[in-house]
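# Descriptive analysis of the structure
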Amino acid sequence: MTATAPAAEATVRKSSPGAARRPRRRTGRIRRVGLPYLLLLPALLLELLVHLVPMVIGIVMSFKELTQFYIRDWSTAPWAGLGNYSVSVDFDAPVGQALLHSFLVTVAFTVLSVGLCWLIGTAAAVFMQDTFRGRGLLRALFLVPYALPVYAAVITWVFMFQHDNGLVNHVLHDQLGLTDKPSFWLIGDNSFVALLTVSVWKGWPFAFLIVMAGLQNIPRELYEAAALDGAGMVQQLRRITLPSLRPVNQVLVLVLFLWTFNDFNTPYVLFGKSAPEAADLISVHIYQASFVTWNFGAGSAMSVLLLLFLLVVTAVYLALTSRGRRTAS
């Protein structure tokens, strides 16, 4: 009697459907929860390999006296501590003065480039909201500078900025007569204008694309109601368009700022390894400190300082924008 009772209970448990469903439900739940992370694992490993590992190595290199004599085995380079950082921020010494000048040039270039890209992109997006013949073709033409490869686009501008046979001097000097003589655009003070022109030409279609996508979320009824109340185009832009685009513009300005401040391809293709003093962006300056003078320790220290600056600016910007959103809500 006592021996058959547990066997009977086990038989009942095996035959009950609830006991069999619980492990299956748990297994299915684990699969549903763990599958997204499993799919993200290759991308996370690739991100770790491509970005985080070189970043950590660069930080370690910034604390070493790494020159061309230790390239074969950089781990044997002597430990410099904070020496590379102190030299980089010593603005009374030539290295610090050059880095400060490059930083100020980069700040001025970034502010002008981001501002012009946003202004032109927003104006073009607002203009393209109206329906007219050829709007689709015009949209496609606006996106051509953004779609072109960087090297192909910038090298075309290099030929256009040539002193003797460039298109820019041909139009400004030969046809319009706006200058007394052909200008040098790739050297001297005009190099800043040339760099800014190429950056804006290449970057404003991205702002146009983002703002145009944001405009699609604004109900047309708001504009119709504002027009019935007597609001003009300028008032509609101030009261409806710009406030509605505030979240989009906050992200757009941050992305443009980070891209422009770190831009290396444009000045490198435009000027080569040694950029003119007027267009000495900090990205090219760090490249010259690392690969031209072969002082990889100092170049790594400058890169870490640039990273810290961008992190601080990004954190302050996000804090201010989030506070503004809470105040508006």
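Before any of the text, the structure's been laid out above.
Analysis parameters
- Residues numbered from 1 in each chain as written.
- Predicted model: local features only at pLDDT ≥ 70, side-chain atom pairs only at ≥ 80, totals over all residues.
- Heavy atoms only, no water.
- Helix = DSSP H or I, 4+ residues; strand = E, 2+ residues; numbered from the N terminus.
- Buried < 20%, exposed > 50% of the residue type's maximum accessible area, 1.4 Å probe, protein only.
- Contact = heavy atoms within 4.5 Å.
- Areas by Shrake-Rupley, 256 points an atom, 1.4 Å probe, with all protein chains shown as cover.
- Core = buried A, V, L, I, M, F, W, Y, C linked by side-chain atoms within 4.5 Å.
- 1 Å grid on protein atoms, 1.4 Å probe; cavity = no way out; pocket = protein on both sides within 12 Å on 5 of 7 lines; lining within 4 Å.
- Points joined across faces, edges and corners; volume = space filled by probe spheres on them.
- Nonpolar A, V, L, I, M, F, W, Y, C, P; charged D, E, K, R; others polar.
- Axes fitted to C-alpha atoms, helices over the stretch in contact; angles between N-to-C directions.
- Parallel < 35°, antiparallel > 145°, perpendicular 65-115°, else oblique.
- Left-handed = near helix turned anticlockwise from the far one by under 90°.

The number of helices and strands found in the chain is 15 helices and zero strands. Expressed as a percentage of the 329 residues in the chain, the buried residues total 33%. Considering only intrachain contacts with a sequence separation of at least 6, the fraction spanning at least 24 residues in the chain is 64%. Split by element, the accessible area of the chain, about 20800 Å² in all, is 67% carbon and sulfur.

Before going further, it helps to spend a moment on the nonpolar core. A general tendency of soluble globular proteins is for nonpolar side chains to be buried together. The biggest cluster of nonpolar side chains holds 43 residues, and the ones touching the most others in it are F161, L195, F208, L256, L270 and F271. Put simply, the parts of the chain that give this core at least two residues each are helix 4 (94–127), helix 7 (150–160), helix 9 (190–215), helix 10 (220–228), helix 12 (246–261) and helix 13 (265–271). Broken down by element, this core gets its largest block of residues, 13 residues, from helix 9. The next biggest cluster of nonpolar side chains, apart from the first, holds nine residues, and it includes F261, I286, L306 and L310.

As a volume, the largest pocket reaches approximately 590 Å³. Taken together, 21 residues line the largest pocket, and the ones lying closest to its centre are M55, S303, V304, L306 and L307. Listed by contribution, the elements that provide at least two residues to the lining of the largest pocket are helix 2 (17–61), helix 14 (282–292) and helix 15 (296–328). Take the lining of the largest pocket: its biggest share by element is eight residues, from helix 15. Each residue belonging to the lining of the largest pocket can be placed in one class, and the counts come to 13 nonpolar, eight polar and no charged. In this structure, the second largest pocket spans a volume of roughly 490 Å³. Contributing to the lining of the second largest pocket are 19 residues, with V126, Y223, M233, L237 and T241 lying nearest its centre. Elements with a minimum of two residues in the lining of the second largest pocket: helix 4, helix 10 and helix 11 (233–244). Looking at side-chain class alone, the lining of the second largest pocket contains 12 nonpolar, five polar and two charged residues.

What follows deals with the packing of helix 4 against helix 12. Look at helix 4 against helix 12: their axes get within 9 Å of each other, and the N-to-C directions meet at 140 degrees. Considering their axes alone, helix 4 and helix 12 lie oblique with respect to each other. As helix 4 runs across helix 12, the sense of the crossing is right-handed. Counting all contacts with helix 4, which are made through F103, T106, V107, F109, T110, S113, V114, C117 and W118, the residues of helix 12 involved are N249, L252, V253, L256, F257, T260 and F261. For the contact of helix 4 with helix 12, the residue count by class is 11 nonpolar, five polar and no charged.

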